[in-house]
There are 2 protein chains.
Amino acid sequence: MLTETHFQKELEELKENLLKMASLVEEAIRDSVQSLVKRDSDLAQKIFAREDGINKMEIMIDDMCLKLLALRQPMAVDLRFITSAMKIITDLERMGDLAVNIAERAISLNQEPQLKPYIDIPRMAEIAQSMVKDVLDAFVNRDSKLARSVCERDDLVDGLNEQVVRELLTYMMSDPKTIPRAVHLLIVARCLERLADHSTNIAEDVIFMVDALVIKHHADEKKEEEEK
Amino acid sequence: MLTETHFQKELEELKENLLKMASLVEEAIRDSVQSLVKRDSDLAQKIFAREDGINKMEIMIDDMCLKLLALRQPMAVDLRFITSAMKIITDLERMGDLAVNIAERAISLNQEPQLKPYIDIPRMAEIAQSMVKDVLDAFVNRDSKLARSVCERDDLVDGLNEQVVRELLTYMMSDPKTIPRAVHLLIVARCLERLADHSTNIAEDVIFMVDALVIKHHADEKKEEEEK
(Lines give C-alpha, C1' and ligand atoms only; values in the text may rest on other atoms or scores of the structure.)
Protein backbone atom coordinates (compact mmCIF):
# COMPACT_ATOMS: atom_id res chain seq x y z
CA MET A 1 0.00 0.00 0.00
CA LEU A 2 2.84 2.32 0.83
CA THR A 3 4.38 1.63 -2.58
CA GLU A 4 1.15 2.30 -4.36
CA THR A 5 0.74 5.62 -2.60
CA HIS A 6 4.26 6.52 -3.62
CA PHE A 7 3.46 5.55 -7.20
CA GLN A 8 0.32 7.69 -7.11
CA LYS A 9 2.43 10.62 -5.90
CA GLU A 10 4.82 10.09 -8.78
CA LEU A 11 1.91 10.07 -11.21
CA GLU A 12 0.64 13.32 -9.69
CA GLU A 13 4.08 14.85 -10.15
CA LEU A 14 4.08 13.67 -13.77
CA LYS A 15 0.70 15.31 -14.33
CA GLU A 16 1.88 18.59 -12.82
CA ASN A 17 4.91 18.62 -15.08
CA LEU A 18 2.78 17.92 -18.14
CA LEU A 19 0.47 20.82 -17.29
CA LYS A 20 3.46 23.07 -16.70
CA MET A 21 4.96 22.15 -20.07
CA ALA A 22 1.61 22.80 -21.76
CA SER A 23 1.33 26.22 -20.14
CA LEU A 24 4.80 27.12 -21.47
CA VAL A 25 3.61 26.14 -24.96
CA GLU A 26 0.43 28.13 -24.50
CA GLU A 27 2.44 31.23 -23.57
CA ALA A 28 4.76 30.68 -26.53
CA ILE A 29 1.80 30.58 -28.95
CA ARG A 30 0.29 33.72 -27.42
CA ASP A 31 3.53 35.70 -27.42
CA SER A 32 4.54 34.62 -30.93
CA VAL A 33 1.32 36.03 -32.37
CA GLN A 34 1.40 39.06 -30.06
CA SER A 35 4.89 39.85 -31.35
CA LEU A 36 3.31 40.02 -34.82
CA VAL A 37 0.17 41.92 -33.85
CA LYS A 38 2.00 44.45 -31.65
CA ARG A 39 5.00 44.53 -34.03
CA ASP A 40 7.18 43.77 -31.02
CA SER A 41 10.32 41.93 -32.17
CA ASP A 42 11.80 41.98 -28.64
CA LEU A 43 8.90 39.82 -27.52
CA ALA A 44 9.62 37.49 -30.45
CA GLN A 45 13.20 37.10 -29.23
CA LYS A 46 11.97 35.97 -25.81
CA ILE A 47 10.24 33.00 -27.42
CA PHE A 48 13.59 31.55 -28.46
CA ALA A 49 14.66 31.42 -24.81
CA ARG A 50 11.35 29.94 -23.74
CA GLU A 51 11.69 27.18 -26.35
CA ASP A 52 14.84 26.08 -24.57
CA GLY A 53 12.81 25.62 -21.39
CA ILE A 54 10.23 23.57 -23.29
CA ASN A 55 12.96 21.33 -24.75
CA LYS A 56 14.46 20.74 -21.30
CA MET A 57 11.07 19.80 -19.89
CA GLU A 58 10.60 17.26 -22.67
CA ILE A 59 13.84 15.51 -21.73
CA MET A 60 13.06 15.65 -18.02
CA ILE A 61 9.51 14.26 -18.37
CA ASP A 62 10.64 11.58 -20.83
CA ASP A 63 13.21 10.46 -18.30
CA MET A 64 10.63 10.49 -15.53
CA CYS A 65 8.30 8.27 -17.61
CA LEU A 66 11.09 5.80 -18.40
CA LYS A 67 11.91 5.51 -14.70
CA LEU A 68 8.26 4.94 -13.84
CA LEU A 69 8.02 2.20 -16.47
CA ALA A 70 11.22 0.53 -15.33
CA LEU A 71 10.79 0.76 -11.56
CA ARG A 72 7.01 0.60 -11.08
CA GLN A 73 6.13 -1.70 -13.99
CA PRO A 74 2.63 -0.23 -14.22
CA MET A 75 -0.24 -2.17 -15.75
CA ALA A 76 -3.27 -1.38 -17.90
CA VAL A 77 -4.55 2.16 -17.39
CA ASP A 78 -1.36 3.51 -15.80
CA LEU A 79 0.81 1.93 -18.48
CA ARG A 80 -1.26 3.56 -21.23
CA PHE A 81 -1.18 6.87 -19.34
CA ILE A 82 2.62 6.91 -19.15
CA THR A 83 3.23 5.86 -22.77
CA SER A 84 0.68 8.47 -23.89
CA ALA A 85 2.50 11.10 -21.83
CA MET A 86 5.72 10.21 -23.68
CA LYS A 87 3.98 10.84 -27.00
CA ILE A 88 2.31 14.03 -25.81
CA ILE A 89 5.57 15.68 -24.80
CA THR A 90 6.89 15.06 -28.32
CA ASP A 91 3.89 16.98 -29.63
CA LEU A 92 4.39 19.77 -27.10
CA GLU A 93 8.05 20.11 -28.03
CA ARG A 94 7.16 20.43 -31.71
CA MET A 95 4.50 22.98 -30.83
CA GLY A 96 7.27 25.01 -29.22
CA ASP A 97 9.17 24.81 -32.51
CA LEU A 98 6.11 26.09 -34.37
CA ALA A 99 5.83 29.09 -32.03
CA VAL A 100 9.48 29.82 -32.83
CA ASN A 101 8.67 29.62 -36.56
CA ILE A 102 5.89 32.17 -36.08
CA ALA A 103 8.22 34.44 -34.08
CA GLU A 104 10.81 34.28 -36.88
CA ARG A 105 8.20 35.30 -39.46
CA ALA A 106 7.01 38.08 -37.13
CA ILE A 107 10.54 39.50 -36.95
CA SER A 108 10.72 39.57 -40.77
CA LEU A 109 7.24 41.06 -41.12
CA ASN A 110 7.86 43.71 -38.46
CA GLN A 111 10.65 45.14 -40.60
CA GLU A 112 8.19 46.08 -43.36
CA PRO A 113 4.95 48.08 -43.44
CA GLN A 114 2.02 46.06 -42.15
CA LEU A 115 0.19 44.43 -45.07
CA LYS A 116 -3.23 44.32 -43.43
CA PRO A 117 -4.90 44.44 -40.01
CA TYR A 118 -4.48 41.09 -38.31
CA ILE A 119 -7.88 39.76 -37.30
CA ASP A 120 -8.19 36.08 -38.18
CA ILE A 121 -4.62 35.19 -37.20
CA PRO A 122 -4.98 36.31 -33.54
CA ARG A 123 -8.32 34.49 -33.47
CA MET A 124 -6.59 31.31 -34.69
CA ALA A 125 -3.92 31.75 -32.01
CA GLU A 126 -6.53 32.18 -29.31
CA ILE A 127 -8.27 28.94 -30.30
CA ALA A 128 -4.95 27.09 -30.62
CA GLN A 129 -4.04 28.24 -27.08
CA SER A 130 -7.36 27.10 -25.65
CA MET A 131 -6.89 23.75 -27.40
CA VAL A 132 -3.48 22.99 -25.89
CA LYS A 133 -4.68 24.01 -22.42
CA ASP A 134 -7.88 21.97 -22.59
CA VAL A 135 -6.35 18.89 -24.18
CA LEU A 136 -3.80 18.58 -21.38
CA ASP A 137 -6.53 19.09 -18.79
CA ALA A 138 -8.52 16.41 -20.60
CA PHE A 139 -5.53 14.09 -20.52
CA VAL A 140 -4.65 14.39 -16.85
CA ASN A 141 -8.31 14.22 -15.79
CA ARG A 142 -9.20 11.48 -18.31
CA ASP A 143 -12.00 13.71 -19.61
CA SER A 144 -12.99 12.46 -23.07
CA LYS A 145 -15.81 14.98 -23.37
CA LEU A 146 -13.36 17.87 -23.09
CA ALA A 147 -11.07 16.08 -25.55
CA ARG A 148 -13.93 15.86 -28.04
CA SER A 149 -14.54 19.60 -27.74
CA VAL A 150 -10.86 20.11 -28.64
CA CYS A 151 -11.32 18.04 -31.83
CA GLU A 152 -14.32 20.19 -32.74
CA ARG A 153 -12.31 23.40 -32.42
CA ASP A 154 -9.88 22.08 -35.03
CA ASP A 155 -12.52 22.71 -37.71
CA LEU A 156 -12.78 26.36 -36.62
CA VAL A 157 -9.03 26.81 -37.03
CA ASP A 158 -9.07 25.08 -40.43
CA GLY A 159 -11.92 27.35 -41.52
CA LEU A 160 -10.06 30.49 -40.42
CA ASN A 161 -6.94 29.27 -42.20
CA GLU A 162 -8.87 28.87 -45.45
CA GLN A 163 -10.25 32.38 -45.00
CA VAL A 164 -6.74 33.79 -44.46
CA VAL A 165 -5.44 31.93 -47.54
CA ARG A 166 -8.26 33.26 -49.73
CA GLU A 167 -7.72 36.83 -48.51
CA LEU A 168 -3.96 36.68 -49.00
CA LEU A 169 -4.37 35.26 -52.51
CA THR A 170 -6.52 38.31 -53.35
CA TYR A 171 -3.83 40.65 -51.99
CA MET A 172 -1.12 38.89 -53.97
CA MET A 173 -3.06 38.86 -57.22
CA SER A 174 -4.04 42.51 -57.06
CA ASP A 175 -0.58 43.74 -56.06
CA PRO A 176 2.50 41.53 -56.64
CA LYS A 177 4.55 43.75 -54.28
CA THR A 178 2.61 42.22 -51.41
CA ILE A 179 3.66 38.64 -52.29
CA PRO A 180 6.68 38.23 -49.97
CA ARG A 181 4.75 39.54 -46.95
CA ALA A 182 1.68 37.52 -47.90
CA VAL A 183 3.79 34.35 -48.10
CA HIS A 184 5.14 35.02 -44.59
CA LEU A 185 1.57 35.37 -43.36
CA LEU A 186 0.49 32.20 -45.19
CA ILE A 187 3.21 30.36 -43.26
CA VAL A 188 2.11 31.92 -39.95
CA ALA A 189 -1.46 30.76 -40.57
CA ARG A 190 -0.23 27.30 -41.50
CA CYS A 191 1.84 27.09 -38.31
CA LEU A 192 -1.28 27.93 -36.30
CA GLU A 193 -3.22 25.29 -38.21
CA ARG A 194 -0.50 22.76 -37.37
CA LEU A 195 -0.54 23.83 -33.71
CA ALA A 196 -4.25 22.99 -33.68
CA ASP A 197 -3.50 19.68 -35.42
CA HIS A 198 -1.05 18.70 -32.67
CA SER A 199 -3.68 19.35 -29.99
CA THR A 200 -6.19 17.38 -32.04
CA ASN A 201 -3.76 14.46 -32.30
CA ILE A 202 -3.36 14.50 -28.52
CA ALA A 203 -7.15 14.78 -28.09
CA GLU A 204 -7.64 11.69 -30.26
CA ASP A 205 -5.17 9.79 -28.08
CA VAL A 206 -7.02 10.91 -24.94
CA ILE A 207 -10.32 9.71 -26.36
CA PHE A 208 -8.64 6.45 -27.37
CA MET A 209 -7.19 6.06 -23.92
CA VAL A 210 -10.40 6.89 -22.09
CA ASP A 211 -12.95 5.24 -24.30
CA ALA A 212 -10.64 2.57 -25.73
CA LEU A 213 -12.07 3.66 -29.02
CA VAL A 214 -10.20 4.59 -32.16
CA ILE A 215 -12.09 7.58 -33.46
CA LYS A 216 -8.91 8.56 -35.27
CA HIS A 217 -9.65 6.33 -38.20
CA HIS A 218 -13.34 6.31 -37.55
CA ALA A 219 -14.27 7.67 -40.97
CA ASP A 220 -12.40 4.84 -42.72
CA GLU A 221 -14.03 2.21 -40.57
CA LYS A 222 -17.44 3.69 -41.20
CA LYS A 223 -16.71 3.50 -44.91
CA GLU A 224 -15.74 -0.15 -44.55
CA GLU A 225 -18.90 -0.90 -42.65
CA GLU A 226 -20.90 0.58 -45.48
CA GLU A 227 -19.02 -1.48 -48.02
CA LYS A 228 -19.79 -4.75 -46.25
CA MET B 1 16.10 -18.64 -21.05
CA LEU B 2 13.14 -19.85 -23.04
CA THR B 3 11.25 -16.70 -22.13
CA GLU B 4 14.12 -14.50 -23.17
CA THR B 5 14.32 -16.22 -26.53
CA HIS B 6 10.61 -15.71 -26.95
CA PHE B 7 11.01 -12.03 -26.04
CA GLN B 8 13.81 -11.71 -28.61
CA LYS B 9 11.50 -13.19 -31.23
CA GLU B 10 8.81 -10.68 -30.32
CA LEU B 11 11.32 -7.86 -30.65
CA GLU B 12 12.32 -9.17 -34.09
CA GLU B 13 8.68 -9.21 -35.10
CA LEU B 14 8.31 -5.64 -33.87
CA LYS B 15 11.31 -4.60 -35.94
CA GLU B 16 9.92 -6.27 -39.06
CA ASN B 17 6.61 -4.47 -38.63
CA LEU B 18 8.36 -1.13 -38.16
CA LEU B 19 10.34 -1.65 -41.38
CA LYS B 20 7.17 -2.66 -43.20
CA MET B 21 5.35 0.45 -42.01
CA ALA B 22 8.31 2.61 -43.09
CA SER B 23 8.32 1.04 -46.55
CA LEU B 24 4.61 1.87 -46.92
CA VAL B 25 5.41 5.48 -46.04
CA GLU B 26 8.33 5.48 -48.47
CA GLU B 27 6.03 4.28 -51.28
CA ALA B 28 3.41 6.86 -50.35
CA ILE B 29 5.98 9.69 -50.63
CA ARG B 30 7.23 8.37 -53.97
CA ASP B 31 3.77 7.91 -55.47
CA SER B 32 2.42 11.24 -54.19
CA VAL B 33 5.18 13.13 -56.01
CA GLN B 34 4.99 10.83 -59.05
CA SER B 35 1.27 11.60 -59.30
CA LEU B 36 2.29 15.27 -59.62
CA VAL B 37 5.25 14.75 -61.97
CA LYS B 38 3.41 12.32 -64.26
CA ARG B 39 0.12 14.24 -63.87
CA ASP B 40 -1.49 10.94 -62.87
CA SER B 41 -4.47 11.63 -60.59
CA ASP B 42 -5.41 7.93 -60.48
CA LEU B 43 -2.09 7.24 -58.78
CA ALA B 44 -2.88 10.04 -56.31
CA GLN B 45 -6.17 8.32 -55.44
CA LYS B 46 -4.32 5.11 -54.57
CA ILE B 47 -2.43 6.96 -51.84
CA PHE B 48 -5.64 7.53 -49.90
CA ALA B 49 -6.16 3.74 -49.71
CA ARG B 50 -2.55 3.17 -48.73
CA GLU B 51 -2.86 5.71 -45.90
CA ASP B 52 -5.53 3.51 -44.40
CA GLY B 53 -3.02 0.64 -44.29
CA ILE B 54 -0.47 2.91 -42.60
CA ASN B 55 -3.04 3.95 -39.97
CA LYS B 56 -3.93 0.34 -39.24
CA MET B 57 -0.27 -0.58 -38.82
CA GLU B 58 0.15 2.24 -36.30
CA ILE B 59 -2.64 0.85 -34.14
CA MET B 60 -1.36 -2.71 -34.48
CA ILE B 61 2.26 -1.85 -33.59
CA ASP B 62 1.18 0.43 -30.73
CA ASP B 63 -0.81 -2.45 -29.30
CA MET B 64 2.12 -4.82 -29.76
CA CYS B 65 4.40 -2.43 -27.85
CA LEU B 66 1.93 -2.04 -24.99
CA LYS B 67 1.69 -5.81 -24.66
CA LEU B 68 5.47 -6.15 -24.63
CA LEU B 69 5.70 -3.51 -21.90
CA ALA B 70 2.97 -5.11 -19.81
CA LEU B 71 3.90 -8.76 -20.19
CA ARG B 72 7.69 -8.69 -20.55
CA GLN B 73 8.47 -5.70 -18.36
CA PRO B 74 11.66 -4.97 -20.30
CA MET B 75 14.53 -3.04 -18.76
CA ALA B 76 17.08 -0.48 -19.91
CA VAL B 77 17.92 -0.82 -23.61
CA ASP B 78 14.82 -2.84 -24.52
CA LEU B 79 12.54 -0.50 -22.61
CA ARG B 80 13.95 2.51 -24.45
CA PHE B 81 13.66 0.63 -27.75
CA ILE B 82 9.96 -0.09 -27.26
CA THR B 83 9.01 3.40 -26.06
CA SER B 84 10.97 4.87 -29.00
CA ALA B 85 9.09 2.56 -31.38
CA MET B 86 5.82 3.94 -30.01
CA LYS B 87 6.95 7.47 -30.81
CA ILE B 88 8.30 6.53 -34.24
CA ILE B 89 5.00 5.05 -35.43
CA THR B 90 3.31 8.36 -34.56
CA ASP B 91 5.81 10.08 -36.86
CA LEU B 92 5.26 7.50 -39.60
CA GLU B 93 1.50 7.90 -39.38
CA ARG B 94 1.80 11.68 -39.76
CA MET B 95 4.16 11.17 -42.69
CA GLY B 96 1.39 9.18 -44.34
CA ASP B 97 -0.92 12.18 -43.80
CA LEU B 98 1.64 14.45 -45.47
CA ALA B 99 1.81 12.17 -48.52
CA VAL B 100 -1.99 12.44 -48.70
CA ASN B 101 -1.70 16.25 -48.55
CA ILE B 102 0.73 16.15 -51.48
CA ALA B 103 -1.59 13.85 -53.44
CA GLU B 104 -4.50 16.25 -52.85
CA ARG B 105 -2.46 19.18 -54.18
CA ALA B 106 -1.37 17.02 -57.15
CA ILE B 107 -5.01 16.34 -58.05
CA SER B 108 -5.74 20.10 -58.02
CA LEU B 109 -2.59 20.95 -59.98
CA ASN B 110 -3.22 18.21 -62.56
CA GLN B 111 -6.45 19.95 -63.55
CA GLU B 112 -4.58 23.02 -64.77
CA PRO B 113 -1.71 23.57 -67.20
CA GLN B 114 1.64 22.70 -65.65
CA LEU B 115 3.25 25.85 -64.24
CA LYS B 116 6.86 24.74 -64.63
CA PRO B 117 8.96 21.61 -65.08
CA TYR B 118 9.28 19.86 -61.73
CA ILE B 119 12.95 19.34 -60.92
CA ASP B 120 13.65 20.26 -57.29
CA ILE B 121 10.42 18.77 -55.92
CA PRO B 122 11.13 15.19 -57.15
CA ARG B 123 14.68 15.62 -55.83
CA MET B 124 13.28 16.57 -52.41
CA ALA B 125 10.98 13.54 -52.52
CA GLU B 126 13.87 11.24 -53.39
CA ILE B 127 15.89 12.46 -50.40
CA ALA B 128 12.87 12.31 -48.09
CA GLN B 129 12.30 8.68 -49.18
CA SER B 130 15.93 7.74 -48.53
CA MET B 131 15.70 9.42 -45.11
CA VAL B 132 12.70 7.42 -43.92
CA LYS B 133 14.21 4.16 -45.15
CA ASP B 134 17.61 4.80 -43.59
CA VAL B 135 16.34 6.15 -40.30
CA LEU B 136 14.26 3.03 -39.68
CA ASP B 137 17.24 0.84 -40.62
CA ALA B 138 19.32 2.92 -38.22
CA PHE B 139 16.73 2.42 -35.50
CA VAL B 140 16.34 -1.34 -35.74
CA ASN B 141 20.12 -1.86 -36.11
CA ARG B 142 21.02 0.75 -33.47
CA ASP B 143 23.26 2.45 -36.06
CA SER B 144 23.90 6.01 -34.90
CA LYS B 145 26.28 6.71 -37.80
CA LEU B 146 23.50 6.08 -40.31
CA ALA B 147 21.15 8.18 -38.16
CA ARG B 148 23.63 11.05 -38.30
CA SER B 149 23.73 10.85 -42.10
CA VAL B 150 19.93 11.21 -42.07
CA CYS B 151 20.22 14.43 -40.02
CA GLU B 152 22.73 15.77 -42.55
CA ARG B 153 20.35 15.16 -45.44
CA ASP B 154 17.78 17.40 -43.75
CA ASP B 155 19.90 20.43 -44.71
CA LEU B 156 19.78 19.37 -48.37
CA VAL B 157 15.99 19.25 -48.26
CA ASP B 158 15.79 22.62 -46.50
CA GLY B 159 18.11 24.10 -49.14
CA LEU B 160 15.98 22.74 -51.99
CA ASN B 161 12.84 24.07 -50.31
CA GLU B 162 14.32 27.57 -50.11
CA GLN B 163 15.23 27.31 -53.79
CA VAL B 164 11.67 26.26 -54.69
CA VAL B 165 10.21 29.13 -52.62
CA ARG B 166 12.48 31.69 -54.31
CA GLU B 167 11.63 30.41 -57.77
CA LEU B 168 7.89 30.35 -57.09
CA LEU B 169 7.99 33.89 -55.67
CA THR B 170 9.53 35.01 -58.97
CA TYR B 171 6.77 33.30 -60.93
CA MET B 172 4.08 34.87 -58.78
CA MET B 173 5.51 38.36 -58.95
CA SER B 174 5.97 38.32 -62.72
CA ASP B 175 2.53 36.85 -63.45
CA PRO B 176 -0.24 36.99 -60.84
CA LYS B 177 -2.21 34.37 -62.79
CA THR B 178 0.32 31.79 -61.59
CA ILE B 179 -0.34 32.51 -57.89
CA PRO B 180 -2.91 29.79 -57.09
CA ARG B 181 -0.78 27.07 -58.71
CA ALA B 182 2.38 28.46 -57.13
CA VAL B 183 0.74 28.36 -53.69
CA HIS B 184 -0.17 24.69 -54.22
CA LEU B 185 3.46 23.98 -55.11
CA LEU B 186 4.70 25.95 -52.09
CA ILE B 187 2.58 23.65 -49.92
CA VAL B 188 3.91 20.53 -51.69
CA ALA B 189 7.49 21.65 -51.04
CA ARG B 190 6.64 22.39 -47.43
CA CYS B 191 5.11 18.95 -46.98
CA LEU B 192 8.33 17.41 -48.29
CA GLU B 193 10.33 19.57 -45.91
CA ARG B 194 8.16 18.35 -43.05
CA LEU B 195 8.57 14.75 -44.17
CA ALA B 196 12.31 15.24 -43.88
CA ASP B 197 11.82 16.86 -40.46
CA HIS B 198 9.95 13.80 -39.20
CA SER B 199 12.82 11.52 -40.26
CA THR B 200 15.26 13.92 -38.63
CA ASN B 201 13.27 13.83 -35.39
CA ILE B 202 13.41 10.02 -35.44
CA ALA B 203 17.14 10.14 -36.26
CA GLU B 204 17.75 12.37 -33.25
CA ASP B 205 15.92 9.87 -31.06
CA VAL B 206 18.02 7.03 -32.48
CA ILE B 207 21.22 8.89 -31.73
CA PHE B 208 19.90 9.68 -28.27
CA MET B 209 19.03 6.05 -27.71
CA VAL B 210 22.32 4.70 -29.02
CA ASP B 211 24.71 7.27 -27.70
CA ALA B 212 22.61 8.36 -24.72
CA LEU B 213 23.41 11.82 -25.92
CA VAL B 214 21.00 14.65 -26.55
CA ILE B 215 22.26 16.21 -29.75
CA LYS B 216 18.76 17.57 -30.25
CA HIS B 217 19.39 20.55 -28.04
CA HIS B 218 23.12 20.47 -28.51
CA ALA B 219 23.34 24.00 -29.86
CA ASP B 220 21.60 25.43 -26.78
CA GLU B 221 23.83 23.53 -24.40
CA LYS B 222 26.93 24.68 -26.25
CA LYS B 223 25.69 28.23 -25.89
CA GLU B 224 25.20 27.73 -22.16
CA GLU B 225 28.68 26.31 -21.82
CA GLU B 226 30.07 29.45 -23.46
CA GLU B 227 28.08 31.67 -21.14
CA LYS B 228 29.49 30.04 -18.03
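Residues numbered from 1 in each chain as written. Chains lettered and ligands numbered in written order. Predicted model: local features only at pLDDT ≥ 70, side-chain atom pairs only at ≥ 80, totals over all residues.

Concerning the interface of chain A and chain B
If you look at the interface, chain A gives 24 residues, while chain B gives 24 residues. Breaking the side of chain A that touches chain B down by element, the ones donating at least two residues are helix H2 (41-72), helix H3 (76-110), helix H5 (144-174) and helix H6 (179-211) of chain A. (Contact = placed C-beta atoms within 7 Å. Helix = DSSP H or I, 4+ residues; strand = E, 2+ residues; numbered from the N terminus.)

Let's talk about the relation of the copies chain A and chain B
Superposition record for chain A on chain B: RMSD 0.0 Å, screw rotation 180 degrees, translation along axis 0.0 Å. What the rotation and shift describe, once combined, is the action of a two-fold rotation axis. In this assembly the copies share their binding face: 100% of the residues contributing to the interface of chain A also contribute to that of chain B. (Least-squares fit on C-alpha atoms with pLDDT ≥ 70 in both.)

Here we look at helix H2 (residues 41-72) of chain B
Every α-helix carries 3.6 residues per turn, so stepping three or four residues along brings you back to the same face. All names here are of chain B. In this model, H2 (32 residues) spans 47 Å end to end at C-alpha, consistent with the 46 Å of a helix rising 1.5 Å per residue. Among all positions in H2, only Ala44, Ile47, Glu51, Ile54, Met57, Glu58, Ile61, Asp62, Cys65, Leu68 and Leu69 are buried. A positive phi of about 40 degrees marks glutamine 73, the residue just after H2. (Expected span 1.5 Å × (residues − 1). Buried ≥ 20, exposed ≤ 12 C-beta atoms within 10 Å, placed from the backbone.)

Details of the nonpolar core
Core analysis: the largest hydrophobic core is formed by 125 residues, its most contacted members being A:Ala128, A:Val135, A:Leu192, B:Ala128, B:Val135 and B:Leu192. Apart from the residues within four sequence positions on either side, B:Val135 is in contact with B:Ala147, B:Val150, B:Ser199, B:Ile202, B:Ala203 and B:Val206. (Core = buried A, V, L, I, M, F, W, Y, C linked by C-beta atoms within 7 Å.)

Section: the environment of A:Ile59
Residue and element names in this part refer to chain A. If you trace the backbone, isoleucine 59 turns up in helix H2. Take isoleucine 59: there are 15 C-beta atoms within 10 Å of it, and that puts it in the partly exposed class. Sequence separation between isoleucine 59 and glutamate 93 is 34 residues; the distance between their C-alpha atoms is 9.7 Å.

Digging into helix H5 (residues 144-174) of chain B
Its 31 residues give H5(B) an end-to-end C-alpha distance of 46 Å, which sits within 8% of 45 Å, the value for a rise of 1.5 Å per residue. Looking at H5(B), one finds that the buried residues are B:Ala147, B:Val150, B:Cys151, B:Asp154, B:Val157, B:Leu160, B:Asn161, B:Val164, B:Leu168 and B:Met172. Contacts from the buried residues of H5(B) go to H5 and H6 of chain A together with helix H4 (120-140) and helix H6 (179-211) of chain B.

As for unusual backbone geometry
Notably, A:Arg142 is not glycine yet its phi reads approximately 50 degrees, a positive angle. Here A:Arg142 lies in the loop between helix H4 (120-140) and H5. The partly exposed category is assigned to A:Arg142, around which 14 C-beta atoms lie within 10 Å. With a phi close to 40 degrees, B:Gln73 is a non-glycine residue in the positive phi region.

Things to note about the packing of H5(A) against H6(A)
Residue and element names in this part refer to chain A. Where H5 contacts H6, the axes come no closer than 9 Å and their chain directions differ by 165 degrees. In terms of their interaxial angle, H5 and H6 are classed as roughly antiparallel. Both H5 and H6 take part in a crossing whose hand is left-handed. (Axes fitted to C-alpha atoms, helices over the stretch in contact; angles between N-to-C directions. Parallel < 35°, antiparallel > 145°, perpendicular 65-115°, else oblique. Left-handed = near helix turned anticlockwise from the far one by under 90°.)

Structural notes on the environment of A:Leu18
All names here are of chain A. By the secondary structure assignment, leucine 18 is in helix H1 (residues 2-37). By C-beta crowding, leucine 18 is classed as buried, having 22 other C-beta atoms within 10 Å. The spatial distance from the C-alpha of leucine 18 to the C-alpha of aspartate 137 is 9.4 Å, given a sequence separation of 119 residues. Setting aside chain neighbours within four positions, we find leucine 18 in contact with Ile61, Ala85, Ile88, Leu136 and Val140.

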